[in-house]
Amino acid sequence: RRKMEDEIARVLEASISPDEATRVNAEQHLTQGGTMPGFGLALVRCALNRQVPPGTRQLAAVVLKKYVKEHWQEGEGKFFPPQTGEDEKAAIRELLPNGLADPEAKIRTACGMAIATIATWDWPQQWPQLTAQLVGAIRERTSEDSVAGALRCLAMILGDMEETQVEETVPALLPELCAIVAADAAMYTLAIKRRALAVLHACLLTLGVMSGARQRAARDLMTPLLRPWLDVFAAALANPPDPTDPGQCGLVLETLRCLSQVVQYFTKSAGDALVAPLGAAARLFHALAPAYHATTIGKESDEYEPPRDDEGEELSLESVVSQLLELIMCLVEHPKLRTLLRDGMEDTIH
């Protein structure tokens, strides 16, 4: 077993060699390895082995995702025989979540992507404990890395969840997410809080697009869960973000996205509690105008390169203002809430 893991590490390192012949030979070995029993499990062990260089570990997790797509489920997508054995699958499912607590952010993301790929076929039927593992990592808060990894993975898999899965997961998950965002700044970084909001956004979007009886059930489900969030939104929007701080801009940006989803899909569930965060958003709109004008209006496009996160998303004052305008558009399109804009039009226009 150890021999296969060591061999895979050597081949992975060779696959990024500057020498073309070495690289091509290594890539052929990796393709052939996918047909060998134990290859997927050896990739997992390589990805989790902190004695291996981080770049090689990340590559092992990326190759694992490819392996899963090709060998996990016969008859699906890019399947190529043979199919992974059930014992090996079970061992991979047991080990892989450990990568979500890794100190290396790129390892957490790569392992999360591999988990999300497996979850497409195995969750929840063959992997019922995955939800408890991810929510548990958030609840237990053993380390910031474990929380970050669980949040990143949840954001990936929520988009592909069946409606019934979301309904089962949301009641346990949302209070834990809310606790993270509402926590003292010393407890969680702004980046972690933004991740928690991104998971909430994915939940709101999946539940919001349900139709018929499921839509009514989703509204009933969200009614007791939304109220604490609306207070958190109002607090997050109470003060303008520092234009030079991507963390502050990112948190406000994600809060506004979530608030827009509530306006679009869950005004009945929110009730009168929606007034406080909308009022905070209106005050924020005015408070940001001077800084927005100073940093954006009249600037040449090549003078300023906005800050971005590790996924390339812009975290700037301009992106916050754009999201505020999106929120206004949601209000304009809402038959009941548009009166709020009409009544306050003079205060809104700049």
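The following refers to the structure shown. This is a predicted model, so every value here is computed, not measured.

Right, let's talk about the overall build of the protein chain for a bit. What the protein chain contains, in helices and strands, is 17 helices and zero strands. Residue burial in the protein chain is summarised as follows: out of 350 residues, 46% are buried. Within the protein chain, contacts between residues separated by at least 24 positions form 68% of all contacts whose residues are at least 6 apart in sequence. Summed over all atoms, the accessible surface of the protein chain reaches about 17,300 Å², with 53% contributed by carbon and sulfur.

Let's shift gears to the packing of helix α10 (residues 190-208) against helix α12 (residues 246-265). Packed helix pairs are characterised by how far apart their axes lie and by the angle those axes make with each other. Close contact between α10 and α12 brings their axes to 9 Å; oriented N to C, the two are set at 15°. Considering the angle they form, α10 stands roughly parallel to α12. Crossing of α10 over α12 shows left-handed handedness. From α10, Leu190, Lys193, Arg194, Leu197, Ala198, Leu200, His201, Leu204, Leu205 and Gly208 reach across to α12, where they touch Gly247, Gln248, Gly250, Leu251, Glu254, Thr255, Arg257, Cys258, Gln261, Val262 and Tyr265. Of the residues assigned to the contact of α10 with α12, the class counts are ten nonpolar, seven polar and four charged.

In this section: the pattern of salt bridges. Summed over all chains, the structure comprises eleven salt bridges. Two residues, Lys89 and Glu86, come together in a salt bridge whose shortest N-O distance is 3.7 Å. A residue pair is termed a helical-turn pair when its members lie 3 or 4 positions apart in one helix, as Lys89 and Glu86 do in helix α5 (residues 86-95) at three residues. Here Lys89 falls in the buried class, since its relative accessible area comes to 3%. Shared partners join several salt bridges into a network, and the residues in it are Arg50, Arg57 and Asp102.

On to the packing of aromatic side chains, then. Scanning all chains against the criterion turns up three aromatic pairs. The interplanar angle of 65° and the centroid separation of 6.4 Å between the aromatic rings of Tyr265 and Phe266 together place this pair among those described as edge-to-face. Judged by relative accessible area, Phe266 falls into the buried class, the value being 2%.

Topologically, Glu254 is positioned in helix α12. Judged by its relative accessible area of 6%, Glu254 falls in the buried class.

Moving on: the nonpolar core. The biggest cluster of nonpolar side chains holds 107 residues, and the ones touching the most others in it are Leu177 and Trp229. Non-local contacts of Leu177, meaning those with residues more than four positions away in its chain, are made with Ile138, Leu151, Ala196, Val199, Leu200 and Trp229.

This part takes up the packing of helix α7 (residues 130-140) against helix α8 (residues 144-158). Packing of α7 against α8 brings their axes to within 8 Å, and their N-to-C directions diverge by 140°. Judged on the interaxial angle alone, α8 and α7 are oblique. Read as a crossing pair, α7 and α8 show a hand that is left-handed. The segment α7 lies against α8, with Leu130, Leu134, Ala137 and Ile138 engaging Ser146, Val147, Ala150, Leu151, Cys153, Leu154 and Ile157. Tallied by class, the residues present in the contact of α7 with α8 amount to ten nonpolar, one polar and no charged.

Let us look at the state of the cysteines. Chemically, a disulfide is nothing more than a covalent bond linking the sulfur atoms of two cysteines. Counted by the stated rule, this structure contains zero disulfides. Of all cysteine sulfurs in the structure, the one in Cys153 sits closest to Cys111, which takes part in no disulfide; the separation is 9.4 Å. Accessibility expressed as a relative area gives 0% for Cys111, which makes it buried. Distance from the sulfur of Cys178, which forms no disulfide, to the nearest cysteine sulfur (Cys258) is 11 Å.

The topology assignment puts Val68 in helix α4 (residues 54-71). With a relative accessible area of 0%, Val68 lands in the buried category. For the pair Val68 and Thr84, spaced 16 residues apart in sequence, the C-alpha to C-alpha distance is 8.4 Å. Apart from the residues within four sequence positions on either side, Val68 is in contact with Thr117, Ile118 and Trp121.

Once that is clear, we can look at the side chain of His201. Its place among the elements puts His201 in helix α10. Setting aside anything within four residues of it in sequence, one finds His201 in contact with Glu254, Arg257, Cys258 and Gln261.

With that settled, the discussion passes to α8. The terminal C-alpha atoms of α8 lie 21 Å apart, and with 15 residues this matches the ideal 21 Å at 1.5 Å per residue to within 8%. For α8, the set of buried residues is Ser146, Val147, Ala148, Gly149, Ala150, Leu151, Arg152, Cys153, Leu154, Met156, Ile157 and Leu158. At its buried positions, α8 is contacted by α6 (105-122), α7, α9 (163-182) and α10.

Right, let's get into unusual backbone geometry. Pro81 connects to Pro82 through a cis peptide bond whose omega is 5°. Along the polypeptide, Pro82 turns up in the loop between α4 and α5. For the bond running from Trp123 to Pro124, omega is 10°, close enough to zero to count as cis. Along the chain, Pro124 falls in the loop between α6 and α7. Within the chain, Arg141 stands out as a residue other than glycine whose phi angle is a positive 50°.

Here is what the cut-offs are and how they apply
Along each chain, residue indices are assigned from 1 in the same order as the chain's sequence is written. Local features in this predicted model are restricted to residues whose pLDDT is 70 or higher, and side-chain atom pairs enter the listing and the counts only when it is 80 or higher, whereas totals over whole chains, interfaces and linings include all residues. To get the side-chain values, all heavy atoms of the structure are used, and hydrogens and water are removed first. Labels follow the DSSP assignment, with helices taken as runs of H or I lasting at least four residues and strands as runs of E lasting at least two, numbered in each case from the N terminus. Buried, partly exposed and exposed residues are distinguished by accessible area as a fraction of the type maximum, computed with a 1.4 Å probe on protein chains only: under 20%, between the cut-offs, and over 50%, respectively. Only heavy atoms enter the contact rule, under which two residues are in contact if any of them lie within 4.5 Å. Per-residue and other accessible areas follow the Shrake-Rupley method at a 1.4 Å probe size, with only the shown protein chains counted as cover for residues. Axes here refer to lines fitted to C-alpha atoms; in helices the fit is confined to the stretch in contact. Angles between the N-to-C directions go from 0 to 180 degrees. For classification, angles of less than 35 degrees are called roughly parallel, those exceeding 145 degrees roughly antiparallel, those between 65 and 115 degrees roughly perpendicular, and all remaining angles oblique. Each crossing gets its handedness from the near helix: less than a right angle anticlockwise from the far helix is left-handed, clockwise is right-handed. The residue classification treats Ala, Val, Leu, Ile, Met, Phe, Trp, Tyr, Cys and Pro as nonpolar and Asp, Glu, Lys and Arg as charged. All others, Gly included, are polar. Put simply, a salt bridge is a Lys or Arg side-chain nitrogen that is within 4 Å of an Asp or Glu carboxyl oxygen. The aromatic pairing rule takes the rings of Phe, Tyr and Trp, using the six-membered ring of Trp, and pairs them if the centres are within 6.5 Å, calling planes under 30 degrees apart stacked, those over 60 edge-to-face and the rest tilted. Among the buried residues, those of types Ala, Val, Leu, Ile, Met, Phe, Trp, Tyr and Cys that are joined through side-chain atoms within 4.5 Å form a nonpolar core. Put simply, a disulfide is two cysteine sulfurs that come within 2.5 Å. Helix span, as expected, comes to 1.5 Å for every residue beyond the first.

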